[in-house]
Amino acid sequence: MTVSSGQTYLAIPGPSVIPEEVLRSMHRSAPNIYEGELIEITGSLIPDLNYVARSSGHVAIYIANGHGIWEAALSNTVSIGDHILVLATGRFAHGWAEMARKMGVEVDILDFGKDKALDIHILNEKLKSEPKTKYKAILMTHVDTSTSVKNDIASVRKKLDEIGCPALLAVDCIASLACDRFEMDEWGVDVMVAACQKGLMVPPGIGFVFFNDRAKERQKHLTNVSAYWDWEPRVNPKLYYEYFCGTAPTHHIYGLRTALDMIKREKIEKTWTRHEVLSRAIWAAIDRWSVEGNISLNVKNPLERSHAVTSIRLGEKKGTSLREWLQTKSGLTIGIGLGMSEPGDPYGDGFIRFGHMGHVNTQMVMALLGTVETGLRAIGYKHGKGALEAASEVLDARSKAVGKAFSNLSKSLFFPTLTLTHLS
């Protein structure tokens, strides 16, 4: 028997759950692409994208997925024969590196494994062992979607400045933007890439390259920027079509406008906090499951874990069995162990991933955890008890903290302390 009829839940690390509000804004006839509201709406996206990225720089919008955005960033920052250094903490940094190689760029990789953040001391030794001007760019992920490792971007910038390395710092925020705290200006990031289908809550189809004036100046000296990837006309369009080098992604623009409005209503700091609280509830549940089984969080250090995606080590090759049960019996879809192959497990079947990014709240996370626990029981996977209670404790503690803060604020606003000053 199956009880999966009803609302399904796509709890993979992107594409994420699309809000009904976003879907409704996209469900409309095609607009005029030459004049009118579409032009005005497109212009309004730029400052709000910068608001989310904490950037005061430029934003180029492309009709592309994350892989296309990788190429867009590379096309505007390096030439054939240039050297770059890639800091890898999972599958996606290697993917960006491979794309660079195919474009004729010389690539060095520092691989830090799949379960921990980069080691700044190893980076320091590598940079000191090479000529200061060797690397034109340092590429890295803020959050790797496969491993769920989160890197300390500010520490890398600090190290580059400390040793006088002139390389551009380019960061992949495809998994993390609008989920994990990211401060483009404050952390000294020169180029950042992102896409619409994760924290920005829009169907896949458009991506972004954020860049500062330093990166803009570098691009002027390149000789191989293609007409399509060239970011200059996209950030300084004389005619509307130059935003996209052709026809605009009309309905994505409407969806993105609504999604950004939602983020601004919540405020980006509160968006980051919501993701942090929900992720901590998930970690607490997994820790409780691990008491009597082989299941464990892939990233051991909480400071190095993403608040958007959680990669989970099962200890047994049961990932496919669990995912199939959840999808066919309950209507829940969780992520595969992408890029997590190991000796004896070439397809990463010993891993699963939870996506908890974008349009996610308490009841969704609790439903995810409760359903997964049911699935673990159904496939005969040994696990500890009390996972939901552990998650509830995290959420309840946060709720009480917020309530106490609100109570104190209310008292200060509406019930001021009576003093002689008030009586005078």
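Before going into details, it helps to say that this report is about the structure given with it. This one's a predicted model, so the numbers in the text were calculated from it and none came from an experiment. (Residues numbered from 1 in each chain as written. Predicted model: local features only at pLDDT ≥ 70, side-chain atom pairs only at ≥ 80, totals over all residues. Heavy atoms only, no water.)

Another point: the overall build of the protein. Counting its regular elements, the protein contains 14 helices and twelve strands. For the protein, the C-alpha atoms occupy an extent of roughly 75 × 60 × 55 Å along the three principal directions. Each of the 424 residues in the protein was classed as buried or not, and the buried ones make up 53%. Nonlocal contacts in the protein, meaning residues at least 24 apart in sequence, comprise 72% of its contacts between residues at least 6 apart. Roughly 18800 Å² of accessible area belongs to the protein as shown, and the carbon and sulfur atoms make up 55% of that amount. Between the centroid of the 48 positive side chains of the protein and the centroid of its 47 negative side chains there is a distance of 3 Å. (Helix = DSSP H or I, 4+ residues; strand = E, 2+ residues; numbered from the N terminus. Buried < 20%, exposed > 50% of the residue type's maximum accessible area, 1.4 Å probe, protein only. Contact = heavy atoms within 4.5 Å. Areas by Shrake-Rupley, 256 points an atom, 1.4 Å probe, with all protein chains shown as cover. Lys, Arg positive; Asp, Glu negative; His and termini not counted. Charge placed at Lys NZ, Arg CZ, Asp CG, Glu CD.)

Let's shift gears to the sheet that holds strand 1 (residues 9-11). Read from one edge to the other, the open sheet built from five strands follows the order 1-11-12-10-9, with strand pairing classed as mixed. Where the open sheet ends on each side, the last strands, each with one partner, are strand 1 and strand 9 (296-297). Where strand 1 and strand 11 (residues 332-336) come together, three bridges link them in parallel fashion. In the sheet register, leucine 10 faces strand 11, and the bridge partner there is threonine 333. Taken strand by strand, helix 11 (residues 319-330) contacts strand 11 and strand 12 (351-355), and its axis lies near 155° from that of strand 11. Those strands touched by helix 12 (residues 362-378) are strand 1, strand 11 and strand 12, and its axis lies near 80° from that of strand 11. (Pairing = 2+ DSSP bridges. Axes fitted to C-alpha atoms, helices over the stretch in contact; angles between N-to-C directions.)

Oppositely charged side chains can pair when the atoms bearing their charge come close. Across all of its chains, the model carries 26 salt bridges by this definition. The closest approach of N and O atoms between lysine 126 and aspartate 108, which form a salt bridge, is 3.9 Å. Of the two residues, lysine 126 sits in helix 5 (residues 120-128) while aspartate 108 sits in strand 4 (residues 106-111), which places them 18 residues apart along the sequence. The partner of arginine 280 in a salt bridge is glutamate 276, and the shortest N-O contact between them spans 3.2 Å. Here glutamate 276 and arginine 280 lie together in helix 10 (residues 268-289), a separation of four residues that amounts to about one turn. (Salt bridge = Lys/Arg side-chain N within 4 Å of Asp/Glu carboxyl O.)

Once that is clear, we can look at the nonpolar core. Within the largest apolar cluster, 57 residues are counted, with the highest numbers of intra-cluster contacts made by Leu49, Leu87, Met192, Leu200, Phe208 and Phe210. Among residues more than four places away in sequence, those in contact with leucine 200 are Leu49, Val52, Leu177, Ala178, Ala195, Phe208, Leu256, Ala259, Leu260 and Ile263. Core analysis: the second largest hydrophobic core is formed by 34 residues, Leu74, Ala100, Ala195 and Trp231 among them. (Core = buried A, V, L, I, M, F, W, Y, C linked by side-chain atoms within 4.5 Å.)

Time to look at unusual backbone geometry. Following glycine 14, the chain continues to proline 15 via a peptide bond in cis, the omega torsion being 0°. Its location among the elements puts proline 15 in the loop between strand 1 and helix 1 (20-26). Here the phi dihedral of methionine 201 falls at roughly 65°; this positive angle occurs in a residue that is not glycine. The residue methionine 201 is located in the loop between strand 7 (191-195) and strand 8 (207-211) in this model. Methionine 201 gets classed as buried once you look at its relative accessible area, which sits at 5%.

A separate point is the side chain of aspartate 82. Following the sequence through the fold, aspartate 82 ends up in the loop between helix 3 (66-75) and strand 3 (83-88). Buried charged residue aspartate 82 carries no salt bridge. Nearest counter-charge: lysine 136, at 5.1 Å.

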